[in-house]
Amino acid sequence: MIRSNESDFKAELDMLLKTNRLGKIVHVFDELDSTQDYVNKLPVKESVNGTIVIAKRQKMGIGRIGRSWVSPKGGLWMSIIFRPGFSVNNVIFTQFMGAVAVAEAIMDVTKIRCTLKWPNDVLIDGKKVCGILVDVNLQGNNKVIVMGIGLNANIEASSVNENLTDNSIRATSLRKEFGNEVDLVRLTKAIVDRLEYYYYELLSTGKTLEILDLWKKNSDTVGKQATVFDGNETVAGQVIDIEQDGSLLMKLSDGSIKSVTYYSNVNFR
Ligand code: BTN
């Protein structure tokens, strides 16, 4: 089903969502520069836990490590606010949790099995269908985590691939893999349901190893050759394991072992 306007989308989502804590406030826009940027700039008092911001298209979608994110109409572009009590060291698990939630939601709606690539990619058949971007905003004593989910749902994968400027992984879309238009409201609901469960049952109670296990079960990262930018330099080697703190343990070509920790954008204001 293709929806005619955003308010229909919101009304249907509000009706379907049965979550207790996430998605109590949902804003749906026809167009934004970036949902992530919009949410990051919200004043503290409007950064209410569980708030969801969705844009039908983004003019300046933001990807990881300063990349842009192609966000035409038909994709699922959303940012969710979490106001956690846990340490920022657990932020990487927020990304793992996001990727697991998206993969399970895709399985639920389309029966397609995804694989997960460290730290934040969801793949179908080796091609990226979704990326997760986590920002941490520290505002005095307040900690606001903004999880951005960019899911190439009903878009042309070529619109993304044409814009790849580096050797980034190729993109696909859910419609392409599924062979049919995907119901965006159902997909959104399925993601938010799982996020609520994993956030409250696991992440906020400190069960990060359970999240890591779920992530590992769906990942084929271990054993792969990888090139990783660790914030300072690009290193290449073979992935030996994912450590308990979520970092990537690699054996480099010179035989040395390196642990690569992913840090998202941490902003102070
Ligand atoms: C990545 O680089 O893999 C992460 C991409 C995250 C894109 C999403 S789309 C919704 C939210 N708004 C943005 O501008 N970026 C994130």
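No experiment lies behind these values; they were computed from the predicted model shown. Throughout this description, residue numbers start from 1 for each chain and increase along the sequence as written. Residue-level local features of this predicted model are given only where pLDDT is at least 70; pairs of side-chain atoms are given and counted only at 80 or more, and the full residue set underlies all totals for whole chains, interfaces and linings.

## Comments concerning the overall build of the chain
Here is the rule we go by: Numbering of helices and strands starts at the N terminus; helices are DSSP runs of H or I of at least 4 residues and strands are runs of E of at least 2. Exposed residues have 12 or fewer other C-beta atoms within 10 Å of their own C-beta, buried residues have 20 or more, and partly exposed residues fall in between, where C-beta atoms are placed from the backbone. By the convention adopted here, residues make contact when the C-beta atoms placed from their backbones lie within 7 Å.
When helices and strands are tallied, the chain shows seven helices and 14 strands. Residues counted as buried form 44% of the 269 residues belonging to the chain. Sequence separation of 24 or more characterises 62% of the internal contacts of the chain that already satisfy a separation of 6 or more.

## Some details on the site of the ligand
For the record, the criterion: Being near a molecule or strand means, for a residue, that its C-beta atom, positioned from the backbone, comes within 6 Å of it.
Around the ligand sit 21 residues, and of these Ser34, Gly63, Gly131, Gly148 and Gly150 come closest. Mapped by element, the contributors of at least two residues to the shell around the ligand are α2 (35–40), β3 (61–62), β5 (76–82), β8 (127–139) and β9 (142–151).

## Observations concerning helix α6 (residues 184–201)
The line we're drawing: Expected helix span is computed as 1.5 Å times (number of residues minus one).
For α6, built from 18 residues, the straight-helix expectation of 26 Å at 1.5 Å per residue is met to within 8% by its first-to-last C-alpha distance of 26 Å. The buried fraction of α6 amounts to 14 of the 18 residues, a majority that puts the element mostly inside the structure.

## Brief notes about the packing of helix α3 (residues 91–110) against helix α7 (residues 208–217)
How we decide: Note on geometry: axes are C-alpha line fits, over the in-contact stretch for helices, and angles between N-to-C directions span 0 to 180 degrees. Roughly parallel here means an angle under 35 degrees, roughly antiparallel means over 145, roughly perpendicular means 65 to 115, and every remaining angle is called oblique. Each crossing gets its hand from how the near helix is turned against the far one by less than a right angle, where anticlockwise is left-handed and clockwise is right-handed. Residues are sorted three ways: Asp, Glu, Lys and Arg are charged, Ala, Val, Leu, Ile, Met, Phe, Trp, Tyr, Cys and Pro are nonpolar, and all the rest, Gly among them, are polar.
Taken N-terminus to C-terminus, the directions of α3 and α7 make an angle of 45°; their axes are 9 Å apart at the nearest point. Overall, the two elements α3 and α7 adopt an arrangement that is oblique. The handedness of the crossing between α3 and α7 is left-handed. In this structure, α3 contributes Phe93, Phe96, Met97, Ala99 and Val100 to the contact, and α7 contributes Thr208, Ile211, Leu212, Leu214 and Trp215. Here the residues of the contact of α3 with α7 sort into nine nonpolar, one polar and no charged.

## Things to note about unusual backbone geometry
Cis rather than trans, the peptide bond between Trp118 and Pro119 has omega equal to -10°. Tracing the backbone shows Pro119 in the loop between β6 (115–117) and β7 (121–124). Phi is positive for Ile65, which is not a glycine, with a value near 40°. Mapped onto the elements of the fold, Ile65 is located in the loop between β3 and β4 (68–69). Even without being a glycine, Asp125 presents a positive backbone phi close to 55°. Looking at the secondary structure, you find Asp125 in the loop between β7 and β8.

## Notes on the packing of α3 against α6
Relative orientation of the contacting elements α3 and α6 amounts to 135°, with a least axis distance of 8 Å. If you check the angle between α3 and α6, you find them oblique. As α3 packs across α6, the resulting crossing turns out to be right-handed. Residue-level inspection shows Met97, Val100, Ala101, Val102, Glu104, Ala105, Asp108 and Val109 of α3 in contact with α6, the latter providing Arg186, Leu187, Ala190, Ile191, Arg194, Leu195, Tyr198 and Tyr199.

## Considerations on the domain arrangement of the chain
How big an interface is tends to be expressed through the accessible area that disappears when the partners come together. To keep things clear, this is the line we draw: Domain segmentation is taken from an automatic or database assignment of domains.
Domain assignment breaks the chain into domain 1 (6–217) and domain 2 (225–268). For domain 1 and domain 2, the distance between their C-alpha centroids amounts to 23 Å.

## Description of the sheet that holds strand β12 (residues 248–252)
Basically, it comes down to this: Strand pairing is defined by DSSP finding a minimum of two bridges between the two strands.
Judged by pairing direction, the sheet is antiparallel, and its four strands sit side by side in the order β10-β11-β12-β13 without closing on themselves. In this open sheet, the two strands that pair with only one neighbour each are β10 (225–229) and β13 (257–260). The sheet shows a mean angle of 50° between the axes of neighbouring strands, taken without regard to direction. In terms of strand pairing, β10 meets strand β11 (residues 234–242) through five bridges, oriented antiparallel. In the sheet register, Val228 faces β11, and the bridge partner there is Val235.

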